[in-house]
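Residue strings, one per chain:
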Amino acid sequence: MTNSPAAGPVPPPGCPAHAAPTEAGGATGSRAAVPMYGQEFADDPHGAYARMRATFGPIAPVELSPGVYASLVTSYQLGLEILRDTERFAKDPRGWRAVQDGTVGPDNPVAPMLMYRPNALFSDGEAHARLRGAITDSLDRVDPHALSEYVERSAETLIDAFASRGRADLITEYASVLPLLVFNQLFGARPADGPKLVETMMKLFDSGEDAAAANDELLRWISGLVAEKREQLAADVTSWLIAHPSQLADEELMQQIILLMAAGTDPQQNLIANALRLLLSDDRFAGELSGGSMPVEDALDEVLWNDPPMANYGTRFPRYDCEVAGVRLRKGDPVLISYAAANHEAALASDRRTGNRAHLAWSAGAHRCPAERPARVIASVAIERLLDRLPDMELAVPVERLTWRTGPFHRALAALPVRFPAQAAARAEPFAASVSKSAPFDESPGGSQWNPVPSSSTPPAETLSERQPESQQAARRRLLSFLTAWWRGQ
């Protein structure tokens, strides 16, 4: 960041200060680009956004990973304008100039988040409308009350795994696993598949040596799930996608499921964890928590304004050379929207945002996140259940000592250690048995049906920057063993 030009008025188009946005992703790159992949950025992203805005105005030149350049929009109004502008900006990344000229290859660490896949996220026009329609229609059939009940039961299972220890890492042992349990149920997988899904996804999230094999295993699992559901449809999202009038082919079905899984893994984890961090560290919430009235929805909105799980995304590619806010954007150079910076813009900064959901955390326009409703249900129930069970829980380290994972896209804690008075497990009933009793399917034609559960939130594991420490891996092994026992009815 020390290479950035001195702060001052936004220079006119053609000025060297605009070299990075103009040449984003090109062979020469830009010396002025602000790196977004190191620990310095992860530790203080809002400070970086403020410096970008002061130096460059509403569009800043950034480096997403070494040698991968883009433009970052830090203005709310401009971000909203670009997200809604389908005439000048495409979502389909196949025109990405740096990929076409070989500067960025498929093995680049940011490629999984930006390169084309045949799903709704990376499509435009009629193709997007068709794929998104299948997703939104299927998600709309999820009963939020059934989802809430299943999340609560899943939360109880996870809490039972660490309640007697009096300490836990809420990332490894709770926030990262709960969405996977929900996913397993939401998409109609067999209960026996649950432990294997959790294990496979944990390997992907860790981005270790076995991540590639885990990715192949996940693809085989999804392929088998699709084949099984084609043989016998049920009341679950996979079946609803298959039966949708858009008549998705198997590959299309797999790609939409992968998209939903990615969106429901890391981002969902980050939403839960970031809200828990806020509730456990901010004095504004302390009195209400101890009094039993937990302002969880307020905490979620606060996080979505200040530390959204996906802080910088909404990638668009100019369809032709154009000038925006005095900056020349070249055809095919990526433009990202900083949801976090836009929400923090001075004109919007206020302590009176309770109930205000005009933030950009869910994006905007044609590609606004279609899973906002289930994501909020999962997060709010997960947090409420945890704080109900462990009302005296507190952070095990000062909040300023919590560390953030590096990466240009997410706002994600590396760990969230807590302590609390140890307690016995809440119930001895096997998890599989409790699931069979809860949230029965409504098999009526066209009804709102199912037993919900998993969605986690995360882009694929390639976006994670570093492996978890051994202590966290040990916690995950304990948790996986515990879950396997629950599923077997022990």
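The residue numbering used here restarts from 1 in each chain and proceeds along that chain's sequence as written. Local features in this predicted model are restricted to residues of pLDDT 70 or higher, and side-chain atom pairs are both shown and tallied only at a pLDDT of 80 or more, whereas totals for entire chains, interfaces and linings draw on every residue. Excluding hydrogens and water, the side-chain figures rest on all heavy atoms present in the structure.

### Topic: the pairing of strand β9 (residues 335-338)
No. 1: To sort residues, take the accessible area from a 1.4 Å probe on protein chains only and compare it with the maximum for the residue type: under 20% means buried, over 50% means exposed, and anything in between is partly exposed. Helix and strand labels come from DSSP, where a helix needs a run of H or I of at least four residues and a strand needs a run of E of at least two; each type is numbered from the N terminus. The alternating pattern of β9 places V335 and I337 on one face and L336 and S338 on the opposite face, and all of these are buried.
No. 2: Taken together, the 3 bridges between strand β3 (residues 68-73) and β9 define a ladder with parallel strand orientation. Along β9, the bridge assignment pairs V73 with I337.
No. 3: Looking at chain direction, strand β6 (residues 312-318) and β9 are connected through 3 bridges and run antiparallel. Its bridge partner being in β9, Y313 is matched across the sheet by I337. Only when DSSP finds a minimum of two bridges between them are two strands counted as paired.

### Points about the pattern of salt bridges
No. 1: Counted as salt bridges are all cases of a side-chain nitrogen of Lys or Arg within 4 Å of a carboxyl oxygen of Asp or Glu. Applying the stated rule across the entire model yields 22 salt bridges.
No. 2: The network of salt bridges with shared partners includes E152, E156, D160, R385, D388 and R389.

### What to know about the sheet that holds strand β1 (residues 34-35)
No. 1: Here we have 6 strands laid out as an open sheet, ordered β1-β2-β3-β9-β6-β4, and mixed in their pairing. On the outer flanks of this sheet lie β1 and β4 (89-90), each paired with one strand and no other.
No. 2: Contacts: residue pairs with any heavy atoms within 4.5 Å of one another. For helices, the fitted line uses only the C-alpha atoms of the stretch in contact; every axis is such a line through C-alpha atoms, and the angle between N-to-C directions lies from 0 to 180 degrees. This element, helix α3 (residues 45-56), spans β1, β2 (59-65), β3, β6 and β9 of the sheet and lies at about 135° to β2.
No. 3: Along the sheet, helix α4 (residues 76-84) contacts β2, β3, β4, β6 and β9; its crossing angle with β9, the most-contacted strand, is approximately 130°.

### A short note on the packing of helix α8 (residues 144-162) against helix α10 (residues 178-186)
No. 1: Interhelical geometry of α8 versus α10 gives an angle of 135° and a closest axis separation of 10 Å. One way to sum up the angle between α8 and α10 is to call them oblique. As α8 packs across α10, the resulting crossing turns out to be right-handed. Between α8 and α10, the contacting residues are L147, Y150, V151, S154, A155 and L158 on the first element and L178, L181, V182 and Q185 on the second.
No. 2: Among the residues forming the contact of α8 with α10, the class breakdown is 8 nonpolar, 2 polar and no charged. Here the word oblique covers every angle except those under 35 degrees (roughly parallel), over 145 (roughly antiparallel) and from 65 to 115 (roughly perpendicular). We call a crossing left-handed when the near helix sits turned anticlockwise from the far one by less than a right angle, and right-handed when that turn is clockwise. Following the grouping adopted for this structure description, the nonpolar residues are Ala, Val, Leu, Ile, Met, Phe, Trp, Tyr, Cys and Pro, the charged ones are Asp, Glu, Lys and Arg, and the polar ones are all others, Gly among them.

### Things to note about the environment of N270
No. 1: Mapped onto the elements of the fold, N270 is located in helix α15 (residues 266-281).
No. 2: Linking N270 and D307, residues 37 residues apart in sequence, is a C-alpha distance of 9.2 Å.

### Some words on the nonpolar core
No. 1: Nine residue types can take part in a nonpolar core, namely buried Ala, Val, Leu, Ile, Met, Phe, Trp, Tyr and Cys, and a core is a set of them joined through side-chain atoms within 4.5 Å. Judged by nonpolar contacts, the single largest core of 83 residues is most densely connected at F162, L170, Y174, I383, L386, M393 and L416.
No. 2: A per-element tally of this core places helix α19 (residues 372-389) first, with 9 residues.
No. 3: In terms of nonpolar packing, the next biggest core, distinct from the first, is built from 49 residues, A32, M36, V110 and A342 among them.

### Considering the pairing of β3
No. 1: Of all 6 residues in β3, 6 are buried, a share of seventy percent or more.
No. 2: Going residue by residue along β3, you find V68, A70 and L72 tucked away on one face and Y69, S71 and V73 tucked away on the opposite face as well.
No. 3: Pairing geometry for β2 and β3, over 6 bridges, is antiparallel. By the bridge assignment for β3, I59 is matched with V73.
No. 4: Two successive antiparallel strands, β2 and β3, enclose a turn made up of 2 residues, where G67 displays a positive phi of approximately 85°.

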